[in-house]
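Structural overview for review
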Amino acid sequence: MNELTSAWDGLSKHLIASFYEVDRNGKRLDPDVTVKAPLTESNLEIALNWQSPFENRANIESSTLQQLVQSGAIQPLLQKADNTLGTKLSALAADVEGRTSVTKLNSTQVFVGEQPAKFNVTALFRAWKDPQSEVHDPFDQLMKWALPIELAKDGLILSRLATDGLSSSAPFPSKSPTLIAVRYKDATYWPLVIEHIIKDTNAPIDKNGMFVSLAVPMALTTLTALDRQDWANFTSKSG
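This write-up is about the structure you can find in this document.

Each value, and the rule that gives it
- Residues numbered from 1 in each chain as written.
- Predicted model: local features only at pLDDT ≥ 70, side-chain atom pairs only at ≥ 80, totals over all residues.
- Heavy atoms only, no water.
- Salt bridge = Lys/Arg side-chain N within 4 Å of Asp/Glu carboxyl O.
- Helix = DSSP H or I, 4+ residues; strand = E, 2+ residues; numbered from the N terminus.
- Buried < 20%, exposed > 50% of the residue type's maximum accessible area, 1.4 Å probe, protein only.
- Core = buried A, V, L, I, M, F, W, Y, C linked by side-chain atoms within 4.5 Å.
- Contact = heavy atoms within 4.5 Å.
- Pairing = 2+ DSSP bridges.
- Expected span 1.5 Å × (residues − 1).
- Bend = angle between axes of the 7 residues up to and from the residue.
- Polar contact = N/O pair within 3.5 Å; in protein donor to acceptor, adjacent residues only side chain to side chain.
- Phe/Tyr/Trp six-rings, centres within 6.5 Å; stacked < 30°, edge-to-face > 60°.
- Lys NZ or Arg CZ within 6 Å of the ring centre and 35° of its normal.

Our next topic: the pattern of salt bridges. Taken as a whole and judged by the stated rule, the model has two salt bridges. The closest approach of N and O atoms between K118 and E195, which form a salt bridge, is 2.7 Å. Taken as a pair, K118 in strand 6 (residues 118–126) and E195 in strand 8 (residues 187–197) lie far apart in primary sequence, 77 residues in all. K118 gets classed as partly exposed once you look at its relative accessible area, which sits at 28%. Residue classification places E195 among the partly exposed positions, given a relative accessible area of 49%.

Of all hydrophobic cores here, the largest spans 33 residues; its most connected members are F19, V182, M218 and L220. Elements supplying a minimum of two residues to this core: strand 2 (16–22), strand 3 (33–45), strand 6, helix 5 (131–146), strand 7 (179–184), strand 8 and strand 9 (213–222). Once residues lying within four places of it in the same chain are set aside, the contact partners of L220 are F19, A117, K118, F119, V121, I180, V182, L192, V193 and I194. Counting residues in hydrophobic clusters, the runner-up holds five residues, among them Y20, L179, A181 and W190.

When you tally the buried positions in strand 7, you get five out of six residues, the bulk of the element. Sheet topology note: the strand 2/strand 7 ladder contains five bridges and is antiparallel. Its bridge partner being in strand 7, F19 is matched across the sheet by V182. Pairing of strand 7 with strand 8 involves four bridges; the strand directions are antiparallel. Residue pairing for strand 8: Y184 is matched across the bridge by A187. Hairpin remark: strand 7 followed by strand 8, antiparallel, with two residues in the connecting loop; positive phi at K185, about 55 degrees.

This paragraph deals with helix 5. The end-to-end C-alpha distance of helix 5 is 22 Å, a good match for the 22 Å that 16 residues give at a rise of 1.5 Å each. The principal kink in helix 5, of about 30 degrees, is found at D137, preceding the proline P138 by one to four residues.

Its place among the elements puts T222 in strand 9. Using a relative accessible area of 6% as the deciding quantity, one classes T222 as buried. Separated by 2.9 Å, the side chain of T222 and the backbone nitrogen of A117 make a polar contact. There is a polar contact of 2.8 Å between the side chain of T222 and the backbone oxygen of T224. Not counting residues within four places of it along the chain, the set of residues in contact with T222 comprises P116, A117, P191, L192 and F234.

On to the packing of aromatic side chains. Under the defined criterion, the tally for this structure stands at four aromatic pairs. Consider the rings of F119 and Y189, whose centres lie 4.7 Å apart with planes at 45 degrees: the pair is tilted. With F119 in strand 6 and Y189 in strand 8, the pair connects residues that are 70 residues apart, well separated along the chain. Since its relative accessible area comes to 4%, F119 is described here as buried. The exposure class assigned to Y189 is buried, which follows from its relative accessible area of 9%. By way of ring pairs, the aromatic residues F119, Y189, W231 and F234 are connected into one cluster. Seen from the ring of Y20, R28 lies directly overhead, with NZ or CZ sitting 4.3 Å from the centre.

So far we have only geometry, and geometry alone does not tell us how the molecule works.
Structure below.
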């Protein structure tokens, strides 16, 4: 197996993340290429969207006048109206003071959606002997996985049909980036795409201009929103 990594002798294997290519079902595609690196930062973010759909329609406190009634601030004005017109508005308003239209029913939240999970990490590479194999090669592999496999030069379907003939792939001439898995500590996360990757061009170099240390921030995302079975797949030991 070709492991692209720096020398991390003495560091627990549980603190070193493994990156490798997989298909949509998590099956490893290239068993010979693995990028390994400790993560100086890592967190898994799952955003669940809950809303109160009845709030705007049922909450009478959206009215400024009704807010004044509830707070009791309108009482002096209503008292003057009662004295002038002989009404009993202040008494009616007093019954409402301190009360609210919010109930358990109209404040109930409902689940309306979920975004794909985000796995934010910073992989660290540093050279002890060979900057090429310990820093440049593993970073280059991560960048290859992040970028599209191939982008067609010709965007016109008619031109492609003239050269390649009629085929099901004619409308889709380019090849999207690969899917990867990340094995780290207690879980294996898959399939993921590298949505964001940074190369710190100000990182330290040696006398030959080769990077000797490189911290690589990445945002990895799942293809879809997750359910309980997906989480069970992550945390199973079969990954």
